[in-house]
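Residues per chain, in single letters:
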Amino acid sequence: AQSVTQLDSHVSVSEGTPVLLRCNYSSSYSPSLFWYVQHPNKGLQLLLKYTSAATLVKGINGFEAEFKKSETSFHLTKPSAHMSDAAEYFCVVSDLALSNFGNEKLTFGTGTRLTIIP
Amino acid sequence: DAGVIQSPRHEVTEMGQEVTLRCKPISGHNSLFWYRQTMMRGLELLIYFNNNVPIDDSGMPEDRFSAKMPNASFSTLKIQPSEPRDSAVYFCASSLGGPKTYEQYFGPGTRLTVT
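Residues numbered from 1 in each chain as written. Chains lettered and ligands numbered in written order. Predicted model: local features only at pLDDT ≥ 70, side-chain atom pairs only at ≥ 80, totals over all residues. Heavy atoms only, no water.

**Q** What am I meant to see in the state of the cysteines here?
**A** A covalent bond between the sulfur atoms of two cysteines is what we call a disulfide. All names here are of chain A. Enumeration according to the criterion identifies two disulfides over all chains in this entry. Each sulfur in the disulfide pair Cys 23 and Cys 91 lies 2.0 Å from the other. Of note, the bridge from Cys 23 to Cys 91 carries an S-S torsion of about -70° and is left-handed in sense. Pair noted here: Cys 23 is in strand S4 (residues 23-26) and Cys 91 is in strand S10 (residues 87-95), with a separation of 68 residues, a long-range link. (Disulfide = S-S within 2.5 Å. Helix = DSSP H or I, 4+ residues; strand = E, 2+ residues; numbered from the N terminus.)

In structure tokens, the structure reads:
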């Protein structure tokens, strides 16, 4: 079975400082991993995805994440936080062994709320 | 591209009434997903369709919930009768589907309040 654990439910950083949102996954095969962002009262937007290509993945708005198989981690980072980054962030896993035709379930983490301090 | 379209954006109804939520997926996408989001339970997958066929409805809470996809451009989620515990934000998402994992694109959601 696949699962994902977001290690922090809430992260606060000052504007202009680095952001680190932590995610560990469990997967029986070769996972696809995603980060989604949800701004208040909005739908979820894809930030970036890893699907077995380069382990360092760059996304929108300056975010990036590194897939580390040995650590089963997929942490999200950004060098310098901006006020507009304040939102809820979800780490998501899909197991390719399960993702054959007709089974495309994603497993969502519980979310990390990012607060930016002016 | 207009993205995934959901209607209504907000719905307030009384307990016992029927509620119908609507979704138009992105053109060309052949998989469609219905999710429910609450503070207590987070984001839950209710049901998903591939090529208009329901593939997995194991997340549907009970018989009061039903979903249909009569064609590739339209889906409904119906709750009858509604209860206060159904209050949540309901999201529809679509993806290309198939043998690879494709990212899902989410609509803006429908905020349902049952009084």
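**Q** Please explain the confidence of the model for chain B as it appears in this structure.
**A** When pLDDT is low, close inspection of the predicted coordinates is not appropriate. Here chain B averages 92 in pLDDT, while 96% of its residues score no lower than 70. Summarising per-element confidence for chain B, the mean pLDDT is lowest in strand S6 (residues 53-56) of chain B (88) and highest in strand S3 (residues 19-24) of chain B (98). (pLDDT = per-residue confidence, 0-100.)

**Q** When you look at the environment of Leu 46 of chain A in this model, what are you seeing that I'm missing?
**A** With respect to the helices, strands and loops of the structure, Leu 46 of chain A is situated in strand S6 (residues 44-50). Sequence-wise, Leu 46 of chain A and Ile 116 of chain A are 70 residues apart; in three dimensions their C-alpha atoms are separated by 20 Å. Filtering out sequence-adjacent residues up to four positions away, Leu 46 of chain A remains in contact with Phe 34, Trp 35, Tyr 36 and Ile 60 of chain A together with Glu 103 of chain B. (Contact = heavy atoms within 4.5 Å.)

**Q** Can you help me understand unusual backbone geometry in this one?
**A** Negative phi is the rule for most residues except glycine; trans is the rule for most peptide bonds. With an omega dihedral of -10°, the bond running from Ser 7 of chain B to Pro 8 of chain B counts as a cis peptide bond. Take Pro 8 of chain B: it is sitting in the loop between strand S1 (5-7) and strand S2 (10-13). Residue Gln 80 of chain B is joined to Pro 81 of chain B through a cis peptide bond whose omega torsion reads -5°. Position of Pro 81 of chain B relative to the elements: it lies in the loop between strand S8 (74-79) and strand S9 (88-95). Notably, Thr 72 of chain A is not glycine yet its phi reads approximately 45°, a positive angle. Turning to its location among the elements, Thr 72 of chain A is positioned in the loop between strand S8 (64-68) and strand S9 (73-78). Judged by relative accessible area, which is 32%, Thr 72 of chain A ranks as partly exposed. Even without being a glycine, Asn 52 of chain B presents a positive backbone phi close to 75°. You can see Asn 52 of chain B is positioned in the loop between strand S5 (42-50) and S6. (Buried < 20%, exposed > 50% of the residue type's maximum accessible area, 1.4 Å probe, protein only.)

**Q** Quick question: what am I supposed to make of the pairing of S6 of chain B here?
**A** Residues and elements named next belong to chain B. Note: S5 against S6, three bridges, orientation antiparallel. Across the sheet, residue Tyr 48 finds its bridge partner in S6, namely Asp 56. Turn length for the S5-S6 hairpin, with the two strands adjacent in sequence and antiparallel, is two residues, and the turn residue Asn 51 shows positive phi of about 50°. (Pairing = 2+ DSSP bridges.)

**Q** Where do I start with the packing of aromatic side chains in this structure?
**A** Given two aromatic rings, one states the distance between the centres and the angle between the planes to describe the pair. Per the counting criterion, the structure on display carries 14 aromatic pairs over all chains. Centroid distance Phe 108 of chain A to Phe 106 of chain B: 6.1 Å. Interplanar angle 90°. Geometry classified as edge-to-face. On the criterion of chain membership, the pair formed by Phe 108 of chain A in strand S11 (residues 107-108) and Phe 106 of chain B in strand S10 (residues 105-106) is interchain, its members lying in two chains. Summarising the burial analysis for this pair, Phe 108 of chain A and Phe 106 of chain B share the class buried. (Phe/Tyr/Trp six-rings, centres within 6.5 Å; stacked < 30°, edge-to-face > 60°.)

**Q** Any chance you could explain the sheet that holds strand S7 (residues 65-71) of chain B here in plain terms?
**A** Residues and elements named next belong to chain B. Reading across from one edge, S1-S3-S8-S7 is the order of the four strands in this open sheet, with antiparallel pairing throughout. Whereas interior strands pair on both sides, the edge strands pair on one side only; in this sheet they are S1 and S7. Direction aside, neighbouring strands of the sheet carry axes that sit 15° apart on average. Where S3 lies against S8, five bridges are found, and the strand directions are antiparallel. Counterpart to Leu 21 in the pairing with S8 is Leu 77. (Axes fitted to C-alpha atoms, helices over the stretch in contact; angles between N-to-C directions.)

**Q** Is there a simple way to explain the pattern of salt bridges in this structure?
**A** Where charged atoms from two side chains of opposite charge approach closely, those side chains can pair. If you walk through the whole model with that rule in mind, you get 13 salt bridges over all chains. Across the pair Arg 22 of chain A and Asp 8 of chain A runs a salt bridge, and its minimum N-O distance is 3.0 Å. Highlighted residues: Arg 22 of chain A in the loop between strand S3 (19-21) and S4 and Asp 8 of chain A in the loop between strand S1 (3-6) and strand S2 (10-14), separated in sequence by 14 residues. Between Glu 44 of chain B and Arg 41 of chain B there is a salt bridge whose closest N-O contact spans 2.7 Å. Assessed through its relative accessible area of 16%, Glu 44 of chain B is described here as buried. Given the relative accessible area of 58%, Arg 41 of chain B is considered exposed. (Salt bridge = Lys/Arg side-chain N within 4 Å of Asp/Glu carboxyl O.)

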